[in-house]
Amino acid sequence: MKEELEQKLMDKFKFMEARNVWSGEKLNFPMPCSCGEGWFQLIWNLCEKIETELMKLPKNSDYEFMVLQVKEKYGILCFYTGSIPSLIADAIFNAICEAEGRSTTICESCGAGGITKHRGNWIRTLCNQCGEELGYIDFNDKENCNEEF
Ligand SMILES: [Zn+2]
């Protein structure tokens, strides 16, 4: 994802600042989102839900929510976090699962409705137009599969 969009996420959601994985130290640049721009809104909406949950924690809590990695894998969004207090763990876990599930219906490239497609062993969720441009085809498209292999 363009750094400009990652910066937008960090400007709005403090927890989207990159950290040293070992020390937790803040690095003063946005968490890299290793996926296409088409999932920006999906990630933004997820962050909003997480922020709403974090506000339910006691004010004197010194807990800091940490995002460890955001990436695409096999056409699915993966959003990895550090530990979460039990009070809000279920709600945040559900929000992440929902966003990850929804990512299989949103074109990672342009944000339009998409489905999971493949190009040989590469798997991505794309709309028909982006899929065509990038040479990805549907899994059940037998005719194209024969051309592919
Ligand atoms: Zn698209």
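Within any chain, residue numbers begin from 1 and follow the written order of that chain's sequence. In keeping with the model being predicted, local features are shown solely for residues with a pLDDT of at least 70 and side-chain atom pairs are shown and tallied solely at 80 or more, while totals for entire chains, interfaces and linings include all residues.

Right, let's talk about the sheet that holds strand 4 (residues 67–73) for a bit. The pairing of strands in a sheet happens through backbone hydrogen bonds and is either parallel or antiparallel. When DSSP finds two or more bridges between a pair of strands, those strands are recorded as paired. Only DSSP runs of H or I with at least four residues qualify as helices, and only runs of E with at least two residues qualify as strands; both kinds are numbered from the N terminus onward. One open sheet accounts for three strands, arranged 3-4-5; its pairing is mixed. Edge positions in the sheet fall to strand 3 (33–34) and strand 5 (76–81), since each of these pairs with one other strand and no more. Across six bridges, strand 4 lies against strand 5 in antiparallel orientation. Its bridge partner being in strand 5, Glu 72 is matched across the sheet by Leu 77.

Below, the discussion takes up the sheet that holds strand 8 (residues 137–138). Pairing within the open sheet is antiparallel, and its three strands lie in the order 7-6-8. Each having just a single partner strand, strand 7 (122–126) and strand 8 make up the two edges of the open sheet. As paired elements, strand 6 (residues 115–119) and strand 8 share two bridges and run antiparallel to each other. Note on strand 8: the bridge partner recorded for His 118 is Ile 137.

Okay, the domain arrangement of the protein chain next. By convention here, the domain bounds are inherited from an automatic or database domain assignment. Partitioning the protein chain into structural domains gives domain 1 (3–104) and domain 2 (107–149). The C-alpha-based centres of domain 1 and domain 2 are spaced at 27 Å. Residue polarity is assigned by list, with Asp, Glu, Lys and Arg as charged and Ala, Val, Leu, Ile, Met, Phe, Trp, Tyr, Cys and Pro as nonpolar; anything else, Gly included, falls into the polar class. Counted by class, the side of domain 1 that touches domain 2 contains three nonpolar, six polar and one charged residues.

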